[in-house]
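Below are the chains, spelled out letter by letter.
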Amino acid sequence: MDHTAHQHQHAPGTSWRMAAQATLHCLTGCTVGEVLGMVIGTAAGLHNAATVVVSIALAFVFGYALTMRGVLRAGLPVRQALKVALAADTVSIAVMELIDNTVVVGVPGAMDAGVSEALFWASLAVSLVLAFVLTTPVNRWMIGRGRGHAVVHAYH
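Figured I'd write up the structure that's included with this text.

Brief notes about the overall build of the protein
Turning to step 1, where the next piece is worked out: A count of helical and extended segments in the protein gives 6 helices and 0 strands.
Turning to step 2, where the next piece is worked out: Each principal axis of the C-alpha distribution contributes one length, and for the protein these read about 60 × 40 × 20 Å.
Turning to step 3, where the next piece is worked out: Out of the 156 residues belonging to the protein, those deemed buried represent 38%.
Turning to step 4, where the next piece is worked out: Partitioning the intrachain contacts of the protein with sequence separation of at least 6 by distance along the chain shows that 72% fall at a separation of at least 24.

This is the structure in structure tokens:
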């Protein structure tokens, strides 16, 4: 018996579209936090490392908050909604943050560019696009195993 074909039959709902939607949802919250953190750090003249830390922290806060908003609307108490958001988004946000911060830090001069400079915004935009492209397969894999955003689907 071909177990590979059998396994794929058990997860017919795990499509690239579903993974892309989950990634886009996660990316929305991450982007708000990431951009806000980069703008705050750059405008305040923070050291590059401090700017990255602020960006990552805000990306997690906004990413979790966006998921919690929907889950709270479904009637879950705050504590349970937080558990769902942590289960749904932690890996996705972590992968996105690893990718987008690596790109921004790796682009020469991007971290030192001011918020009024095209290099700042171009490197940030490229980093977020790459984060989306590279995180989508991760989310597809997790959803196919009942993890990640699959946890949230029970509350929609």
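Some remarks on helix H5 (residues 118-144)
Turning to step 1, where the next piece is worked out: For H5, built from 27 residues, the straight-helix expectation of 39 Å at 1.5 Å per residue is met to within 8% by its first-to-last C-alpha distance of 39 Å.
Turning to step 2, where the next piece is worked out: The largest bend along H5 measures about 30 degrees and falls at threonine 135, with the proline proline 137 one to four residues further on.
Turning to step 3, where the next piece is worked out: Listed as buried for H5 are Phe120, Ser123, Leu124, Ser127, Leu128, Ala131, Thr135, Thr136, Asn139, Met142 and Ile143.
Turning to step 4, where the next piece is worked out: Contacts from the buried residues of H5 go to helix H2 (16-43), helix H4 (78-106) and helix H6 (150-153).
Turning to step 5, where the next piece is worked out: Looking one or two residues beyond H5, the residue adopting positive phi is glycine 146, at roughly 75 degrees.

Considering the packing of aromatic side chains
Two measures describe an aromatic ring pair: the distance that separates the ring centres and the angle between the ring planes.
Turning to step 1, where the next piece is worked out: Scanning the model with the defined rule gives 2 aromatic pairs in all.
Turning to step 2, where the next piece is worked out: On the basis of an interplanar angle of 50 degrees and a centroid distance of 5.7 Å, the ring pair of phenylalanine 60 and tyrosine 64 is categorised as tilted. One end of the pair is phenylalanine 60 and the other is tyrosine 64, both in helix H3 (residues 48-73) and 4 residues apart, which spans about a single turn.
Turning to step 3, where the next piece is worked out: Taking 4.8 Å as the distance between ring centres and 85 degrees as the angle between the ring planes, the aromatic pair formed by phenylalanine 120 and tryptophan 121 counts as edge-to-face.
Turning to step 4, where the next piece is worked out: Judged by relative accessible area, which is 37%, tryptophan 121 ranks as partly exposed.

Describing the side chain of threonine 136
Turning to step 1, where the next piece is worked out: Here threonine 136 is to be found in helix H5.
Turning to step 2, where the next piece is worked out: In this structure threonine 136 comes out as buried when scored by relative accessible area, which is 7%.
Turning to step 3, where the next piece is worked out: At 3.5 Å, the side chain of threonine 136 and the side chain of threonine 23 are in polar contact.
Turning to step 4, where the next piece is worked out: Setting aside anything within four residues of it in sequence, one finds threonine 136 in contact with Trp16, Ala19, Ala20 and Thr23.

Thoughts on the nonpolar core
Turning to step 1, where the next piece is worked out: Of all hydrophobic cores here, the largest spans 27 residues; its most connected members are Cys30, Met38, Val71, Ile93, Met96, Val104 and Leu124.
Turning to step 2, where the next piece is worked out: Sorting the residues of this core by element identifies H2, H3, H4 and H5 as the ones contributing at least two each.
Turning to step 3, where the next piece is worked out: With residues near it in sequence (within four places) discarded, isoleucine 93 still touches Cys26, Cys30, Ala59, Phe60, Gly63 and Tyr64.

Things to note about a nonpolar patch on the surface
Turning to step 1, where the next piece is worked out: Judged by side-chain polarity, Val126, Val129, Leu130, Val133 and Leu134 come together as a nonpolar surface patch covering roughly 420 Å² of accessible area.
Turning to step 2, where the next piece is worked out: Within the secondary structure layout, valine 133 lies in helix H5.
Turning to step 3, where the next piece is worked out: By relative accessible area, valine 133 is classed as partly exposed at 47%.

Re H3
Turning to step 1, where the next piece is worked out: If you check H3, its first and last C-alpha atoms are 38 Å apart, about what 26 residues at 1.5 Å a residue would give, namely 38 Å.
Turning to step 2, where the next piece is worked out: Buried within H3 are the following residues: Thr51, Val52, Ser55, Leu58, Ala59, Phe60, Gly63, Tyr64, Leu66, Thr67, Met68 and Val71.
Turning to step 3, where the next piece is worked out: Its buried side turned inward, H3 meets H2, H4 and H6.
Turning to step 4, where the next piece is worked out: Positive phi shows up at glycine 75, right after H3, with a value of about 105 degrees.

Criteria and thresholds
Residues numbered from 1 in each chain as written. Predicted model: local features only at pLDDT ≥ 70, side-chain atom pairs only at ≥ 80, totals over all residues. Heavy atoms only, no water. Helix = DSSP H or I, 4+ residues; strand = E, 2+ residues; numbered from the N terminus. Buried < 20%, exposed > 50% of the residue type's maximum accessible area, 1.4 Å probe, protein only. Contact = heavy atoms within 4.5 Å. Expected span 1.5 Å × (residues − 1). Bend = angle between axes of the 7 residues up to and from the residue. Phe/Tyr/Trp six-rings, centres within 6.5 Å; stacked < 30°, edge-to-face > 60°. Polar contact = N/O pair within 3.5 Å; in protein donor to acceptor, adjacent residues only side chain to side chain. Core = buried A, V, L, I, M, F, W, Y, C linked by side-chain atoms within 4.5 Å. Patch = residues over 30% accessible without salt bridge, like charges linked within 9 Å, V, L, I, M, F, W, Y side chains within 5 Å. Areas by Shrake-Rupley, 256 points an atom, 1.4 Å probe, with all protein chains shown as cover. Salt bridge = Lys/Arg side-chain N within 4 Å of Asp/Glu carboxyl O.

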